[in-house]
Amino acid sequence: PGSSLEVIALRDGRWAMVHNDTEEGRRSLAVTLSDNEGVGWKWVRHLERGKGSYGYPSVIQARNGLIHATYSHHDEEGRTIKHVTFDVEWIGAGD
């Protein structure tokens, strides 16, 4: 949808990607996980789905292994930057 994404290599060797997983618009933001350096993305978990607009993600992995993501969040109530924290197991559980 003409939007940015971010991919990081995790400590365990897997890759995590936060991106808009739609063909059009930015109404869905997902985190996906690859165990083969991006050849395939087996696990998907949505951070957001809805009437808002989500984009411009940034991702890091903290020393304790938790993954932190920030992204823009625009809806009828206004515009903000959201921060979420999760672990690899949360992604693997899927939607």
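Residues numbered from 1 in each chain as written. Predicted model: local features only at pLDDT ≥ 70, side-chain atom pairs only at ≥ 80, totals over all residues. Heavy atoms only, no water.

S.K.: Would you explain the sheet that holds strand β7 (residues 78-86) in this entry?
M.R.: As a general point, the strands of a sheet are linked pairwise by backbone hydrogen bonds and lie either parallel or antiparallel. Taken in spatial order, the three strands line up as β5-β6-β7 in an open sheet, and their pairing is antiparallel. Because the sheet does not close on itself, it has two edges, and the strands there are β5 (53-61) and β7. The mean inter-strand angle of the sheet, taken between neighbouring strand axes irrespective of direction, is 20°. Taken together, the seven bridges between β5 and strand β6 (residues 67-75) define a ladder with antiparallel strand orientation. Bridged to Val59 within β6 is Ala69. (Pairing = 2+ DSSP bridges. Helix = DSSP H or I, 4+ residues; strand = E, 2+ residues; numbered from the N terminus. Axes fitted to C-alpha atoms, helices over the stretch in contact; angles between N-to-C directions.)

S.K.: Help me understand the nonpolar core in this model?
M.R.: In summary, soluble globular proteins display a tendency toward joint burial of nonpolar side chains. Judged by nonpolar contacts, the single largest core of 16 residues is most densely connected at Leu10, Leu47, Ile67 and Phe86. At the level of secondary structure, the elements contributing two or more residues to this core comprise β2 (15-19), β3 (28-34), β5, β6 and α1 (88-92). If we ignore the near neighbours within four places in the chain, the residues touching Ile67 are Leu10, Val59, Ile60, Gln61, Val84, Thr85, Phe86, Val88 and Ile91. (Core = buried A, V, L, I, M, F, W, Y, C linked by side-chain atoms within 4.5 Å. Buried < 20%, exposed > 50% of the residue type's maximum accessible area, 1.4 Å probe, protein only. Contact = heavy atoms within 4.5 Å.)

S.K.: What is the right way to look at the packing of aromatic side chains in this model?
M.R.: Between two aromatic rings, the relevant description is the distance of the centres plus the angle of the planes. One pass over the structure, following the stated rule, counts one aromatic pair. A centroid spacing of 5.1 Å and a plane angle of 35° characterise the contact between Phe86 and Trp90, whose relative ring orientation is tilted. (Phe/Tyr/Trp six-rings, centres within 6.5 Å; stacked < 30°, edge-to-face > 60°.)

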